[in-house]
Protein chains: 2
Amino acid sequence: MVRLDEVRAGEVLAAPPAADDAGLAFIGRIRTPWVSRLETPRLGRPDGPECTLEIFEPWRPALRGIEAYARIEVLFWMHLSRRDLVIQSPANDGRGHGTFALRSPARPNPIGTTIATLVRVEPERLIVRGLDCIDGTPLLDLKPERSLFTPIAPEQPGDRQTFRP
Amino acid sequence: MVRLDEVRAGEVLAAPPAADDAGLAFIGRIRTPWVSRLETPRLGRPDGPECTLEIFEPWRPALRGIEAYARIEVLFWMHLSRRDLVIQSPANDGRGHGTFALRSPARPNPIGTTIATLVRVEPERLIVRGLDCIDGTPLLDLKPERSLFTPIAPEQPGDRQTFRP
């Protein structure tokens, strides 16, 4: 069973972070078929059910041109997650794994990232597949999937910098 | 030239977001060779120069097990970015693109994501390649790259759910 809020054998906690270094604005809300953490998929799948990314004003016009991309990187705020786990035991078997060696939702900054397949663009929402978050999750950002995107800005010196002498 | 803070022809701004829906805790600091936005690469490259992800306490033990992953997803806070651009003109040619159809650093929640190649793990830092952020950028999160990670938690009902009847 996924974590609700319990602490398990072998886990290590920190003091909850103050979380005042920077602030987030929710830009939308995600609608998925999963209303409980006990049924939400652990990882999204490209043939998963359709989900909706509802975009709030004033950000709807920022979707202009997104229809050109078959895959979108979706960043969301996993609002139900605890933020104080340093070592976690996802299998609840006493074995501890570092939080940064897991894609568990419990992390100091519970930002989820998924690559979603774009099904359809509407003026106020996107229909996608491939998500793995609970219904009602706040939306933080959308970007074209890395490998599909070519920068439009002019070249910068760092673009060509490599480790080879 | 990349954006410093100017507004360009064809761009559309919103009121700066209140950014008080949720709070972030910086978990570390990124060291790169690029000290100006005018030289930072637009996109990271796997053969790019070595960079350092310095991890703050109490999160250093959360690196346990990360050495198993050749590629790490790095989330960072692009602290120099403006957050009010809805339509942007990366080429400064009067043509406007929606913020969510770009990977520009200027976005309502300026969270950058990169896939970094792991070079070496030390107790307080990771050495990586493939970054595309300015020196001193605050670090938000590290996760195993999606395609390399198999969940450790037991299966959930949503794992097998598809759109096919």
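All of these numbers come straight from a predicted model, not from anything done at the bench.

### Brief notes about the overall build of chain A
So, point 1. The helix and strand inventory of chain A stands at zero helices and ten strands.
So, point 2. For chain A, the N- to C-terminal ordering of α and β elements is β-β-β-β-β-β-β-β-β-β.
So, point 3. Its C-alpha atoms put chain A at 50 × 50 × 35 Å along the principal axes.
So, point 4. Here chain A holds 165 residues, and 56% of them are scored as buried.
So, point 5. Considering only contacts within chain A whose residues lie at least 6 apart along the sequence, 78% involve residues at least 24 apart.

### Observations regarding the pattern of salt bridges
Oppositely charged side chains may form a pair once their charged atoms are brought near each other.
So, point 1. Summed over the entire model, instances satisfying the criterion amount to 38 salt bridges over all chains.
So, point 2. Between glutamate 122 of chain B and arginine 125 of chain B there is a salt bridge, and its shortest N-O distance comes to 3.2 Å.
So, point 3. Across the pair glutamate 155 of chain B and arginine 160 of chain B runs a salt bridge, and its minimum N-O distance is 2.5 Å.
So, point 4. The partly exposed category is assigned to glutamate 155 of chain B, whose relative accessible area is 45%.
So, point 5. Connected through shared salt-bridge partners, Arg31, Glu54 and Asp135 of chain A make up one network.

### Describing the interface of chain B and chain A
Quoted interface sizes are often the accessible area lost when the parts come together.
So, point 1. Listed as interface residues are 85 residues of chain B and, on the opposing side, 85 residues of chain A.
So, point 2. Roughly 7,800 Å² is buried in total at the junction of chain B and chain A, and carbon and sulfur atoms are behind 59% of that figure.
So, point 3. In this structure, the connection of chain B to chain A is made through six salt bridges.
So, point 4. The closest approach of N and O atoms between arginine 103 of chain A and glutamate 73 of chain B, which form a salt bridge, is 2.8 Å.

### Quick notes on the UniProt feature "domain: TsaA-like" (unreviewed entry) in chain A
So, point 1. When the UniProt feature table is mapped onto this chain numbering, "domain: TsaA-like" (unreviewed entry) sits at residues 24-154 of chain A.
So, point 2. Helix makes up 0% of residues 24-154 of chain A and strand 36%, with an end-to-end C-alpha separation of 29 Å.

### Looking at the layout of surface pockets
So, point 1. Its volume calculated, the largest pocket comes out at about 300 Å³.
So, point 2. Every residue lining the largest pocket is counted, 18 residues in all, and those nearest its centre are Arg71, Thr114, Ile115 and Ala116 of chain A together with Arg146 of chain B.
So, point 3. Ranked by the residues each element gives to the lining of the largest pocket, the list is headed by strand β8 (residues 111-122) of chain A, at five residues.
So, point 4. Each residue belonging to the lining of the largest pocket can be placed in one class, and the counts come to five nonpolar, six polar and seven charged.

### Regarding the relation of the copies chain B and chain A
So, point 1. Of the transformation superimposing chain B on chain A, the axial component is 0.0 Å and the angular component is 180°, with the fit at an RMSD of 0.0 Å. The transformation just described matches what one would write down for a two-fold rotation axis. It is glycine 23 of chain B whose C-alpha, among those of chain B, lies nearest the rotation axis, at 2.3 Å.

### Digging into the packing of aromatic side chains
So, point 1. Applying the stated criterion across every chain, the model contains two aromatic pairs over all chains.
So, point 2. Seen in terms of ring centroids, tyrosine 69 of chain A and phenylalanine 149 of chain A are 6.3 Å apart; in terms of plane orientation they differ by 50°. Their pairing is tilted. Of this pair, tyrosine 69 of chain A sits in the loop between β4 (51-55) and β5 (71-77) while phenylalanine 149 of chain A sits in the segment after β10 (138-144); the two residues are 80 residues apart in sequence, bridging distant segments of the chain.
So, point 3. Directly above the aromatic system of phenylalanine 163 of chain B lies the positively charged group of arginine 129 of chain A, at a separation of 3.7 Å from the ring centroid.

### Some points on the sheet that holds strand β5 (residues 71-77) of chain B
Residues and elements named next belong to chain B.
So, point 1. The strand order β3-β4-β9-β8-β5-β10 describes a closed barrel built from six strands, whose pairing is antiparallel. Between one strand axis and the next, the sheet turns by 45° as a mean value, whatever way the strands run.
So, point 2. Alignment of strand β3 (residues 28-31) against strand β10 (residues 138-144), held across two bridges, turns out to be antiparallel. Looking at β10, one finds that glycine 28 is bridged to leucine 139.

### So, the sheet that holds strand β7 (residues 97-98) of chain B
Residue and element names in this part refer to chain B.
So, point 1. The strand order across the open sheet built from three strands is β1-β6-β7, with neighbouring strands paired in antiparallel fashion. Of all the strands in the sheet, the pair left with one neighbour each is β1 (12-13) and β7.
So, point 2. Relative to β7, strand β6 (residues 85-88) runs antiparallel, the two being bridged by two bridges. If you follow glutamine 88 over to β7, its bridge partner there is histidine 97.

### Quick word on the pairing of strand β4 (residues 51-55) of chain B
The side chains of a regular strand alternate, first on one face of the sheet and then on the other.
All names here are of chain B.
So, point 1. Taken across its five residues, β4 has four buried, putting it largely inside the fold.
So, point 2. Where β3 meets β4, four bridges bridge the pair, whose relative direction is antiparallel. For arginine 31, the partnering residue across the bridge sits in β4 and is threonine 52.
So, point 3. As paired strands, β4 and strand β9 (residues 125-129) are joined by four bridges and run antiparallel to one another. Its bridge partner being in β9, glutamate 54 is matched across the sheet by arginine 125.

Each value, and the rule that gives it
Residues numbered from 1 in each chain as written. Chains lettered and ligands numbered in written order. Predicted model: local features only at pLDDT ≥ 70, side-chain atom pairs only at ≥ 80, totals over all residues. Heavy atoms only, no water. Helix = DSSP H or I, 4+ residues; strand = E, 2+ residues; numbered from the N terminus. Buried < 20%, exposed > 50% of the residue type's maximum accessible area, 1.4 Å probe, protein only. Contact = heavy atoms within 4.5 Å. Salt bridge = Lys/Arg side-chain N within 4 Å of Asp/Glu carboxyl O. Buried area = accessible area lost by both parts, 1.4 Å probe. UniProt positions renumbered as here; feature names shortened; annotations may be inferred. 1 Å grid on protein atoms, 1.4 Å probe; cavity = no way out; pocket = protein on both sides within 12 Å on 5 of 7 lines; lining within 4 Å. Points joined across faces, edges and corners; volume = space filled by probe spheres on them. Nonpolar A, V, L, I, M, F, W, Y, C, P; charged D, E, K, R; others polar. Least-squares fit on C-alpha atoms with pLDDT ≥ 70 in both. Phe/Tyr/Trp six-rings, centres within 6.5 Å; stacked < 30°, edge-to-face > 60°. Lys NZ or Arg CZ within 6 Å of the ring centre and 35° of its normal. Pairing = 2+ DSSP bridges. Axes fitted to C-alpha atoms, helices over the stretch in contact; angles between N-to-C directions.

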